[in-house]
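Next come the chains, spelled out residue by residue.
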Amino acid sequence: MTEGTFQRVAKVDEIPVGESRSFEVGYERIAVCNVEGKFYAIEDVCTHDGSPFQTRRLLGSVIECPRHGARFDVTTGEVRRMPAIAPVRTFPTKVEDGEVYVAVEEE
Ligand code: FES
């Protein structure tokens, strides 16, 4: 997991349960995913061929790439279905005062 400085990305209710939303955070493009009320952040870049995940409905804790259908567990970054073989990067999250924060490294 990549550690860094927490930055605010959204209000809690802007990312509904079972969905993801994409944000620019520092120099990173991040998909923030709401899995049963808990927030997870992954790099919004599929490791198969670089597609963004964009706004997606999750399959439990799994996100599916819109391009060729690779799947990743957003809680760990691990691949759940080919054609991707490498995990996606994950980032720490926290919730404070109804806002979601993601920690990314500063360049
Ligand atoms: S770019 Fe994501 S599955 Fe191919």
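Quick caveat, the model's predicted, so the values are computed rather than measured.

Let us look at the overall build of the protein chain. The secondary structure content of the protein chain amounts to zero helices and ten strands. Listed by position from the N terminus, the elements making up the protein chain come as β-β-β-β-β-β-β-β-β-β. Taken over C-alpha atoms, the radius of gyration comes to 13 Å for the protein chain, in line with the 13 Å a tight globule of 107 residues would show. Summarising its shape, the C-alpha atoms of the protein chain cover approximately 40 × 30 × 20 Å along the three principal directions. Across the 107 residues that make up the protein chain, the buried fraction comes to 43%. Contacts spanning at least 24 positions in sequence make up 45% of the contacts within the protein chain whose residues lie at least 6 apart. Taken as a whole, the protein chain presents about 5,700 Å² of accessible surface, with 46% of it coming from carbon and sulfur. Here the protein chain contributes 13 positive and 19 negative side-chain charges, whose respective centroids are spaced 6 Å apart.

Moving on: the sheet that holds strand β3 (residues 28–35). As summarised here, the arrangement of the four strands in space is β2-β3-β4-β8, forming an open sheet in which the pairing is antiparallel. At either margin of the open sheet sits one strand with a lone partner, and together these are β2 (20–25) and β8 (90–91). In terms of strand pairing, β3 meets strand β4 (residues 38–43) through six bridges, oriented antiparallel. The residue bridging I30 from the neighbouring strand is E43, located in β4.

Analysis parameters
- Residues numbered from 1 in each chain as written.
- Predicted model: local features only at pLDDT ≥ 70, side-chain atom pairs only at ≥ 80, totals over all residues.
- Heavy atoms only, no water.
- Helix = DSSP H or I, 4+ residues; strand = E, 2+ residues; numbered from the N terminus.
- Rg over C-alpha atoms; globule rule 2.2 N^0.38 Å.
- Buried < 20%, exposed > 50% of the residue type's maximum accessible area, 1.4 Å probe, protein only.
- Contact = heavy atoms within 4.5 Å.
- Areas by Shrake-Rupley, 256 points an atom, 1.4 Å probe, with all protein chains shown as cover.
- Lys, Arg positive; Asp, Glu negative; His and termini not counted.
- Charge placed at Lys NZ, Arg CZ, Asp CG, Glu CD.
- Pairing = 2+ DSSP bridges.

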